[in-house]
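# Inside the fold
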Amino acid sequence: MTHTVAPIAPKSWLITRPATWRQIGSDLAYILPGFFVSLASFTALVTLFTLGISTLVIWVGLPVLVACLAAARWFADVNRAALRRWAGDIPPVHYRQPHKYSISGMFKNLADPQLWKDFIHGVLVSFAYRTASFSISLSILAAAFGGVTQWFWMRFLPADNTTLAELIGLDTFLGVSPNTAESIFGLVYGVVLLVLLPFITRGLAVADAATSRALLTNETAALRARSAELAASRAQVVSEEANTLRKIERDLHDGPQQRLIRLQMDVEAAQRHLVKNPAAARELMDGALEQSREALAELRQLSRGIAPPLLADRGLRAATESLAARSTVPVVVTGNLGHGHRIAEGAENAAYFVLSEGLANISKHSGATSASIMVQTSPGELFIEVLDDGRGGAHLGKGHGLSGLLDRLAGVDGSLEITSPNGGPTALRVNIPL
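Heads up: these notes are all about the structure in this document. (Residues numbered from 1 in each chain as written. Predicted model: local features only at pLDDT ≥ 70, side-chain atom pairs only at ≥ 80, totals over all residues. Heavy atoms only, no water.)

## Quick word on the overall build of the chain
Looking only at helices and strands, one finds 15 helices and 5 strands in the chain. Within the chain, buried positions represent 36% of all 434 residues. Carbon together with sulfur atoms contributes 63% to the accessible area of the chain, which is approximately 24800 Å² in total. (Helix = DSSP H or I, 4+ residues; strand = E, 2+ residues; numbered from the N terminus. Buried < 20%, exposed > 50% of the residue type's maximum accessible area, 1.4 Å probe, protein only. Areas by Shrake-Rupley, 256 points an atom, 1.4 Å probe, with all protein chains shown as cover.)

In structure tokens, the structure reads:
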């Protein structure tokens, strides 16, 4: 399927375009409230920082400094939210994992460079710049609207008032009265400031956004942290796969292999007794038949979660319906994933494992009488929901049947949510990015 993306229209600065004037409102809505946020952050952060530094020698200042940086992060979140509303998507931000609130843990928390960048933004950069941009914006707005309306409100000034036009001799130059000259002068500079207003407010907003992006986002650190997280998850998946392989090898050796050897011995013994002692041969064949059934059951148990040929040949929908048909609990399969629709192999395998483990857990532990599976796809995500009407109480604790799902999903950047109150019902929801 081909998706056509409409090109982004270039910004136009034509003063006659309505979009140019709507942009003024957007810029002012970003600039003006930002001043009050920066005023609050400056007051709070300077107070906490001064108190923390002055009492650090008696250790009281350590938690105060931690609280100061926590407040700086909160104000940074507010500023990032405002920037996101104004600019749309912004680069990501990364903070170090917080430590426990012990003495050493608090010192480690103070070592997060992003928190200090938040502090510098809240105390120095944003307060100084936003005070200036707030003053400039309001001054130009007041001068522009005051100038274009001066012809109206000048009549309310005292009669002996000396106008600016009169001081510079504009009334003599134009040959009109001082009030008329002042009205004309006000109209001219008011119109000029109104024409310049979109450029000024956009410039102030862009400069503010640039400083916020520089200090309140750290895309490189966020990407490094994400890379480390993905590397750890991949290593965990490889380790889990190796452990699973060793377990399968051990279980095959201890289970089906021993039963098949016993089966071979019973069949050979039956062949020897077939003519002389048919009753003994029949008994041995009955035992061999039982051994074959148990070996087959163990092989099916071991193969659960391993991608079957059906998944590779016909896709996730057919494999899901096959799982549902084999379940001991009636299962209804819904969703928009069609037959033959293929997604990434890794996502298919992880989804099949989740469904297989989820249905096995329902059959063994839930006491459910019915269940349902929804497999929903969108251009960027696969969503799976497994519901049952059982007794509930399912969780991801170690040693439980669902504990391996997180590791399996980590390999495809998937997420897992389980809702299972005591008494049921149980809902297992999985999101896998495509």
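Having put the structure on the table, let's press on.
## Concerning the pairing of strand β4 (residues 415-419)
Where β4 meets strand β5 (residues 426-433), 5 bridges bridge the pair, whose relative direction is antiparallel. Across the sheet, Ile 418 pairs through a bridge with Leu 428, a residue of β5. The turn joining β4 and β5, which pair antiparallel and follow one another in sequence, is formed by 6 residues; a positive phi near 95 degrees is taken by Gly 423. (Pairing = 2+ DSSP bridges.)

## Comments concerning the pattern of salt bridges
Per the counting criterion, the structure on display carries 7 salt bridges. A salt bridge links Arg 80 to Asp 118; its shortest N-O distance comes to 4.0 Å. Highlighted residues: Arg 80 in helix α2 (residues 61-87) and Asp 118 in helix α4 (residues 113-148), separated in sequence by 38 residues. By the burial criterion, Arg 80 is buried, and Asp 118 matches it. Ionic pairing is found between Asp 208 and Arg 130, a salt bridge with its closest N-O pair at 2.8 Å. Of this pair, Asp 208 sits in helix α8 (residues 178-216) while Arg 130 sits in helix α4, placing them 78 residues apart in sequence. Note on Asp 208: relative accessible area 5%, which makes it buried. For Arg 130, a relative accessible area of 2% gives the class buried. (Salt bridge = Lys/Arg side-chain N within 4 Å of Asp/Glu carboxyl O.)

## What about the pairing of strand β1 (residues 331-334)?
Judged by which residues are buried, β1 turns out to be one-sided: Val 331 and Val 333 face inward and are buried, whereas Val 332 and Thr 334, on the alternate face, are not. Of the pairings in the sheet, the one linking β1 to strand β2 (residues 371-378) comprises 4 bridges and is parallel in character. Of the residues in β2, the one forming a bridge with Thr 334 is Met 374. This β-α-β element, β1 to helix α14 (residues 345-366) to β2, shows left-handed connectivity. (Right-handed = clockwise from strand over helix to strand, strands pointing away.)

## Some remarks on α4
For α4, built from 36 residues, the straight-helix expectation of 52 Å at 1.5 Å per residue is met to within 8% by its first-to-last C-alpha distance of 50 Å. His 121 marks the point of greatest bend in α4, at about 45 degrees. The opening residue of α4, the one whose side-chain oxygen lies 3.1 Å from the backbone nitrogen of Gln 114, is Asp 112. (Expected span 1.5 Å × (residues − 1). Bend = angle between axes of the 7 residues up to and from the residue. Polar contact = N/O pair within 3.5 Å; in protein donor to acceptor, adjacent residues only side chain to side chain.)

## Comments concerning α2
Think of an α-helix as turning once every 3.6 residues; residues three or four places apart then point the same way. If you check α2, its first and last C-alpha atoms are 38 Å apart, about what 27 residues at 1.5 Å a residue would give, namely 39 Å. Note on α2: the residue one or two positions beyond its end, Gly 88, has a positive phi of about 90 degrees.

## Observations regarding the nonpolar core
Counting residues in hydrophobic clusters, the biggest one holds 33 residues, and the most contacted among them are Leu 316, Leu 382, Ile 384, Val 430 and Ile 432. Contributions of two or more residues to this core are made by α13 (316-326), β1, α14, β2, β3 (381-388), α15 (405-410) and β5. Ranked by the residues each element gives to this core, the list is headed by α14, at 9 residues. Those residues in contact with Val 430 that lie beyond four places of it in its chain are Val 354, Leu 382, Phe 383, Ile 384, Leu 409, Ser 415 and Leu 416. Listed in part, the 20 residues of the second largest apolar core include Ala 82, Leu 194, Leu 197 and Ala 205. (Core = buried A, V, L, I, M, F, W, Y, C linked by side-chain atoms within 4.5 Å. Contact = heavy atoms within 4.5 Å.)

## Here we look at the packing of aromatic side chains
Taken as a whole and judged by the stated rule, the model has 10 aromatic pairs. Ring geometry for Tyr 30 and Trp 86: centres 5.2 Å apart, planes at 15 degrees, overall stacked. Here the residue Tyr 30 occupies a position in helix α1 (residues 18-54), and Trp 86 occupies one in helix α2, the gap between them amounting to 56 residues. Exposure remark for Trp 86: the relative accessible area of 18% places this residue in the buried category. Taking the centre distance of 4.2 Å and the plane angle of 15 degrees together, the rings of Phe 42 and Phe 127 count as stacked. (Phe/Tyr/Trp six-rings, centres within 6.5 Å; stacked < 30°, edge-to-face > 60°.)

## Looking at the environment of Gly 61
Position of Gly 61 among the secondary structure elements: in helix α2. Between the C-alpha atom of Gly 61 and that of Thr 50, which follows or precedes it by 11 residues, the distance is 9.2 Å. Ignoring any residue separated from it by four or fewer positions in sequence, one finds Gly 61 in contact with Gly 52, Thr 55 and Leu 56.

## Examining a nonpolar patch on the surface
Taken together, the side chains of Ile 184, Val 188, Val 192, Leu 196 and Phe 199 make up a nonpolar region of the molecular surface, amounting to roughly 410 Å² of accessible area. Relative to the helices and strands, Ile 184 is located in helix α8. (Patch = residues over 30% accessible without salt bridge, like charges linked within 9 Å, V, L, I, M, F, W, Y side chains within 5 Å.)

## A closer look at the packing of α2 against α4
Packed helices, taken two at a time, are described by the angle between their axes plus the distance between the axes. Where α2 contacts α4, the axes come no closer than 8 Å and their chain directions differ by 60 degrees. Here α2 lies oblique to α4, going by the angle between them. For the pair α2 and α4, the crossing hand works out as left-handed. Counted together, Cys 68, Leu 69, Ala 72, Arg 73, Ala 76, Asn 79 and Arg 80 of α2 and Gln 114, Leu 115, Trp 116, Asp 118, Phe 119, His 121 and Arg 130 of α4 form the full contact between these two elements. (Axes fitted to C-alpha atoms, helices over the stretch in contact; angles between N-to-C directions. Parallel < 35°, antiparallel > 145°, perpendicular 65-115°, else oblique. Left-handed = near helix turned anticlockwise from the far one by under 90°.)

## Some details on the packing of α13 against α14
Close contact between α13 and α14 brings their axes to 10 Å; oriented N to C, the two are set at 10 degrees. In terms of orientation, α13 and α14 fall into the roughly parallel class. Between α13 and α14 lies a crossing whose hand is right-handed. The residues of α14 that touch α13, namely those facing Leu 316, Ala 319, Thr 320, Leu 323, Ala 324 and Arg 326, are Glu 348, Ala 351, Tyr 352, Leu 355, Ser 356 and Leu 359. Class assignment for the residues of the contact of α13 with α14 results in 8 nonpolar, 2 polar and 2 charged. (Nonpolar A, V, L, I, M, F, W, Y, C, P; charged D, E, K, R; others polar.)

## Brief notes about the environment of Val 267
Residue position: Val 267 is located in helix α10 (residues 256-273). By relative accessible area, Val 267 is classed as partly exposed at 28%. Through-space distance from the C-alpha of Val 267 to that of Leu 289 is 9.5 Å; in sequence the pair is 22 residues apart.

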